[in-house]
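Read off the chains here:
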Amino acid sequence: MGWDGTGRDRIGAISYENILTVDILCQNDESISRGTQRLPRTIGVSLAKELIFSARIVDGEEAKSIGLISHVVEQNEAGDAAYRRALALAREFLPQGPVAMRVAKLAINQGMEVDLVTGLAIEEACYAQTIPTKDRIEGLLAFKEKRPPRYKGE
């Protein structure tokens, strides 16, 4: 059952801080509330202060417009619209090389915590990890042979 007793899939009861620890957030058009360290880095200091100081709750559309979430979905009868959208995104990611995805995520996450020059060095180090992999060779061969790659995470 949802946090509001309706059984609908809602995210509104979690804090801004929790929201900002996920990679991509799908939200039905309900509400989201609160956070202090990651929120200003995501939406800017002034807007973060406004939301935190006022304790204002924003709906899904506003959360998307300010860059707090990635997607807003209309709730469906089953009450799992956000879950279904997240699953669709996961299916888009699935064909990608797992090694490249892992280091890209690492580069993004670590790079956002440092200055640009350091972030670029992190990116370069992460890319270097993909050079000796079988997945990189598979990707190049697949491109050359005009076929979908068959990555193994190696």
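Our structure is the block above this text.
In short, a report on the structure. Treat the numbers as computed from the prediction; the structure is a model and nothing was measured.

1. Describing the overall build of the protein
Thinking step 1. Summing up its helical and strand segments, the protein has eight helices and four strands in all.
Thinking step 2. Each helix (α) and strand (β) of the protein, taken in turn from the N terminus, gives the series α-β-β-α-α-β-α-β-α-α-α-α.
Thinking step 3. Residue burial in the protein is summarised as follows: out of 154 residues, 30% are buried.
Thinking step 4. Relative to all contacts within the protein whose residues are 6 or more apart in sequence, the contacts with residues 24 or more apart total 46%.
Thinking step 5. On the protein, roughly 10,200 Å² of surface is accessible, and the fraction owed to carbon and sulfur atoms is 57%.

2. Brief notes about the pattern of salt bridges
Thinking step 1. In this structure the tally under the stated criterion is six salt bridges.
Thinking step 2. Asp80 is paired through a salt bridge with Arg84; the nearest N and O atoms lie 3.0 Å apart.
Thinking step 3. Residue classification places Asp80 among the buried positions, given a relative accessible area of 18%.
Thinking step 4. Taking the shortest distance from any N to any O, the salt bridge between Arg147 and Glu145 comes out at 2.6 Å.
Thinking step 5. Three or more residues are tied together by salt bridges with common partners; here these are Glu50, Arg56 and Glu62.

3. A few points about the nonpolar core
Thinking step 1. If you look at the biggest cluster of nonpolar residues, it comprises nine residues: Leu39, Ile43, Ala48, Leu51, Val58, Ala63, Ile66, Leu68 and Ile69.
Thinking step 2. If you list the elements that add at least two residues to this core, you get α2 (38-43) and α3 (45-54).
Thinking step 3. Once residues within four sequence positions are removed from consideration, Ala48 is found in contact with Leu39, Pro40 and Ile43.

4. Quick notes on unusual backbone geometry
Thinking step 1. The backbone of Ala55 shows a phi angle near 55 degrees, a positive value even though the residue is not glycine.
Thinking step 2. Given the relative accessible area of 51%, Ala55 is considered exposed.
Thinking step 3. The backbone phi angle of Lys146 is positive, close to 55 degrees, even though this residue is not glycine.
Thinking step 4. The exposure class assigned to Lys146 is exposed, which follows from its relative accessible area of 76%.

5. Some points on helix α8 (residues 134-144)
Thinking step 1. Residues Asp135, Glu138, Gly139 and Ala142 constitute the buried set of α8. Taken end-on, α8 shows its buried residues confined to a sector of 100 degrees, consistent with a single buried face.
Thinking step 2. Elements in contact with the buried residues of α8: α6 (98-111).

6. Notes on a nonpolar patch on the surface
Thinking step 1. A surface patch of nonpolar side chains, amounting to about 250 Å² of accessible area, comprises Ile137, Leu140 and Leu141.
Thinking step 2. Here Leu141 shows up in helix α8.

7. A word on α6
Thinking step 1. Helix length check: α6 (14 residues) gives 19 Å between terminal C-alpha atoms against 20 Å at 1.5 Å per residue, within 8%.
Thinking step 2. For α6, the set of buried residues is Val99, Val103, Ala107 and Gly111. For α6, the angular spread of buried residues about the axis comes to 75 degrees, placing them on one side. Those residues of α6 that are exposed and angled more than 90 degrees off the buried face are Arg102 and Ile108.
Thinking step 3. Its buried side turned inward, α6 meets α7 (116-130) and α8.

8. Details of the side chain of Thr130
Thinking step 1. Note on placement: Thr130 falls in helix α7.
Thinking step 2. For Thr130, a relative accessible area of 9% translates into the label buried.
Thinking step 3. A distance of 2.6 Å separates a polar side-chain atom of Thr130 from the backbone oxygen of Tyr127.
Thinking step 4. Residues within four places of Thr130 in sequence aside, it is in contact with Val99, Ala100, Val103 and Arg136.

The rules behind the values
- Residues numbered from 1 in each chain as written.
- Predicted model: local features only at pLDDT ≥ 70, side-chain atom pairs only at ≥ 80, totals over all residues.
- Heavy atoms only, no water.
- Helix = DSSP H or I, 4+ residues; strand = E, 2+ residues; numbered from the N terminus.
- Buried < 20%, exposed > 50% of the residue type's maximum accessible area, 1.4 Å probe, protein only.
- Contact = heavy atoms within 4.5 Å.
- Areas by Shrake-Rupley, 256 points an atom, 1.4 Å probe, with all protein chains shown as cover.
- Salt bridge = Lys/Arg side-chain N within 4 Å of Asp/Glu carboxyl O.
- Core = buried A, V, L, I, M, F, W, Y, C linked by side-chain atoms within 4.5 Å.
- Arc of directions from axis to C-beta.
- Patch = residues over 30% accessible without salt bridge, like charges linked within 9 Å, V, L, I, M, F, W, Y side chains within 5 Å.
- Expected span 1.5 Å × (residues − 1).
- Polar contact = N/O pair within 3.5 Å; in protein donor to acceptor, adjacent residues only side chain to side chain.

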